[in-house]
Each structure stands twice: as structure tokens, then as C-alpha cells.
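What follows is each chain in one-letter form.
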Amino acid sequence: HLFSDPAEVEALRGNLLAWYDRCKRDLPWRALVRGDCGKRGPALLPAVWVSEIMLQQTQVATVIDYYNRWMQKWPTLQALAQASLEEVNELWAGLGYYSRGKRLQEAARKVVSELAGQMPRTAEELQKLLPGVGRYTAGAIASISYGQATGVVDGNVIRVLCRLRCIGADSSSPAVIDRLWDMANVLVDRSRPGDFNQALMELGATVCVPKAPLCGECPVKQHCQAWRRKLFGNPPKVPDVEDCGVGDCPLCPPATEPWDSSLGVTNFPRKAAKKPPRAMRTATCVLQRRGCHGAPEYLIVQRPSSGLLAGLWEFPSLPLAQDLQEEREREELADHLQAWMGRPVAAKGLRFIGEVIHIFSHIHQTYVVYSLPLDGDVTLDPALSPSRWVTEDEFHASAVSTAMKKV
Ligand code: SF4
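Anyway, here's the lowdown on the structure attached to this text. This one's a predicted model, so the numbers in the text were calculated from it and none came from an experiment. (Residues numbered from 1 in each chain as written. Predicted model: local features only at pLDDT ≥ 70, side-chain atom pairs only at ≥ 80, totals over all residues. Heavy atoms only, no water.)

Things to note about the overall build of the protein
Moving on, step 1. Helix and strand counts for the protein stand at 16 helices and seven strands.
Moving on, step 2. If you line up the protein on its principal axes, its C-alpha atoms span 80 × 55 × 30 Å.
Moving on, step 3. A burial count over the protein gives 48% of its 407 residues as buried.
Moving on, step 4. Expressed as a percentage of contacts within the protein between residues at least 6 apart in sequence, the contacts between residues at least 24 apart total 67%.
Moving on, step 5. Looking at the protein as shown, the accessible area adds up to about 19,800 Å², and 53% of this sits on carbon and sulfur atoms.
Moving on, step 6. Separation between the mean location of the 47 positive side-chain charges and that of the 45 negative ones in the protein comes to 4 Å. (Helix = DSSP H or I, 4+ residues; strand = E, 2+ residues; numbered from the N terminus. Buried < 20%, exposed > 50% of the residue type's maximum accessible area, 1.4 Å probe, protein only. Contact = heavy atoms within 4.5 Å. Areas by Shrake-Rupley, 256 points an atom, 1.4 Å probe, with all protein chains shown as cover. Lys, Arg positive; Asp, Glu negative; His and termini not counted. Charge placed at Lys NZ, Arg CZ, Asp CG, Glu CD.)

A closer look at the side chain of His223
Moving on, step 1. The topology assignment puts His223 in the loop between helix 12 (193-206) and helix 13 (225-232).
Moving on, step 2. Residues within four places of His223 in sequence aside, it is in contact with Glu8, Ala11, Leu12, Asn15, Leu164, Arg165 and Arg228.

Quick notes on the layout of surface pockets
Moving on, step 1. In this structure, the largest pocket occupies an estimated 1,100 Å³ of space.
Moving on, step 2. What lines the largest pocket is a set of 36 residues, and nearest its centre among them are Leu55, Asp154, Gly155, Asn156 and Arg159.
Moving on, step 3. Among the elements of the structure, helix 2 (28-36), helix 3 (47-55), helix 4 (60-73), helix 10 (155-164), helix 11 (174-187) and helix 12 are those that each provide at least two residues to the lining of the largest pocket.
Moving on, step 4. Counting residues per element, the lining of the largest pocket draws most heavily on helix 10, at five residues.
Moving on, step 5. Class assignment for the residues of the lining of the largest pocket results in 17 nonpolar, ten polar and nine charged. (1 Å grid on protein atoms, 1.4 Å probe; cavity = no way out; pocket = protein on both sides within 12 Å on 5 of 7 lines; lining within 4 Å. Points joined across faces, edges and corners; volume = space filled by probe spheres on them. Nonpolar A, V, L, I, M, F, W, Y, C, P; charged D, E, K, R; others polar.)

Overview of the pattern of salt bridges
For side chains of opposite charge, pairing can occur when their charged atoms come near one another.
Moving on, step 1. A full pass over the atoms with the stated rule returns 16 salt bridges.
Moving on, step 2. Between Arg69 and Asp65 there is a salt bridge whose closest N-O contact spans 3.4 Å. Of this pair, Arg69 and Asp65 both sit in helix 4, separated by four residues, roughly a single helical turn.
Moving on, step 3. One continuous salt-bridge network, built from bridges that share partners, spans Asp21, Arg192 and Asp195. (Salt bridge = Lys/Arg side-chain N within 4 Å of Asp/Glu carboxyl O.)

In short, shape yes, function no, at least from these values alone.
Right, here's the structure in full:
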């Protein structure tokens, strides 16, 4: 399963880099990468840092516009360090996983206030010193921005390496992940580490894709054991994946799930079954009043500064127990609003609008939506949470989640 032949490693690097030079996608953060090594100066925000954080869990096509707006607004570490969390959340609104933006800004603050404005330049230091920078992001910044010969392992790299080396053990297990990091560090090109890492990820994103990989066009197919196995079965010189020579191999597919020839190369990688997302129900109330110019205004409140959707704004909401009757849900919401507005709210005054389903990565959330028109102003208890009235346009420009926009 390893890359133990230096000549093969050399050939694989050459083939992959030649393909990357020919076929790489034109992405905005790639234009700035070279400058990160010097010309843009240490005070500028490394482009790859922002793009990598945004690309975690989010598609390239979605990220481009957010990335461009972010870099325009905060081109330097200093500018980002001075931004408020509110501004960060507003720009991030709709991108999901909001703690990413917050941590990016906290890290910029740390660089400015504790590291004299100098970004750490090795993967080890980046991971150790900057909040929100994990092993992968640290490797990406160090190799792409600062030229350190260190590998990276993300979802795309996992898929490519597992196929190249017929790794069929659970690819999310720590033992397999550790081996993949070892492999990535062996493979990374010593003179063009940033390009090599991007090439490996690009291969996974555009050619060695999850469902229907384009093996015929693949620049490294001659090094790919999964492809060879698909074409030729098990020729004598290639060890069988069920019998790779070391008995109970920790990287082979489990004996209970052998190679399935109908799947071809997509036999790899394999993952243990995911836990189903947790179901949650939340009652949410759209409070509406007539604003000073006659246009309707809506009340939004700010969520706590930690946890899911930290610091974002939403319509007043209340998590519900799973098995409540509809009438009871309505009463609980009325009680909640009453405590907060300091005046009676009748449950029957709440108008049921409908249900909105939103899937977070690990939560299947159902919002049970009510509305409540109000006459005149209401006084809210500021001790409970910050709140404000907004017009529909202001609502859309605020730091609100995609789920709330659906509501
Ligand atoms: Fe992936 Fe196919 Fe290339 Fe192997 S030959 S790395 S399976 S695209």
C-alpha cells in the first residue's frame, strides 16, 4: 500500500504536475498565491488561508464570490483584526458553519497583537499558534504560501490515495488517516510543494471524483492500483488486496466486504456508516409591527456568542421537546415571548404559518413558524438577548443564517 519505490514517486510527481500546469482551474486565490511568498508583504492576509477556511465544507463555485468580497474588504491582517464580529458574520451570511469566519478573525487578531503581525510560516507553528487552523489548513498555508515541503490530506486527497493504493479499510479511522498523512508527506514534491498539493486536490475534485471517476483521462493512472485491478483483475505480480502479504492488513478492505467488481475503482475509499443526523424542533415567531414609514418591520434577536450559529441574528426562537402536541408547542412559545416582552401573549394569538426544514451537517432541524402582528412598540428585556427591528431589506443584509432566510 505504500509508495516505496523512489523512481515511481518521482514519475508520479512529474506526471501530476505536468497535468496541473496544463489543466488547473483558474481560481481567484491562485492569482495571489505567489505574491504571498514575499511581494505582498507579511502584513497582507494570505489568500490561501481565507480560501481554505471557506472551502472547508463549501463548494468552490459558492466560495468565489465570498472570497472576493472578503479580500476586498480585509486585504491585510490588520484590517481583519480591526473588523467587528458583526461585520464578519454579515459577510459570511449564507456560507454556513459560521464559527469559521469568527475563528479566522480571532486568528488575525492574534497575529497582529501577539505575533507582531508576522504570520507563522511552518505547518507546525501555524497549527499550534492559530485558532481554527487544523492540520490540513496549516499544511495548505505552509506549502502553498510559504513553500514548505509538507503534505496535505483532505477529502479529495483521501479518495485519490485510497484508490492509488487500494486502501479499503475505514478511511475515517485514525489509523488510516495517519498512514495517508505519511504518504502525502512522502509524495509531496520538494521543489513545488504548494503546486503538488493543489494538483493532488484538483485531481480529486475534477478527475478522481467520487461517483464516476474519469480514469481514462487520469495523469497518474499508470500508478493506480485500483485502476489496474479493475482492468486486469489480479495479475500475479500485483498482490491481491485481500492478501497483500502481511496477513491481517490494517489497510485492506475488511474480509466481510471484499472487492466488488461491479464498483470498479469506486470500491475505494470506504467509510464506516455515518450516524444519522439528530432531529430537532424549534418554534420560531415572526413578530411584526408597522414601522415609522408604514412599511412592516420584524424583530430579530441575537444568538449566544458560542454554539451553533453563534452570534447570528434570528427571529425569536425556542427549542422544543420532540413529542409535544401542537397546542403545547404554541403555549410554550407564547410563554417564552411573554417573559421576554413583559406583557401577556395569548397562545391563540399566534398564527401558525408552516414548517421549514433545514439540514445542518449533524442536525435535521424543523422550524415551526408562527407570526404575531403587534400594535405599537414593545419593550424588550435587554438582559435576555440583544434585539432590533428591521425592514425586510435590512433583514437580508443582516448576519442571519440561510435557515432564517427560509423562515
Ligand atoms: Fe482515480 Fe482512476 Fe486516476 Fe486511479 S486512475 S487515481 S481511480 S481517476
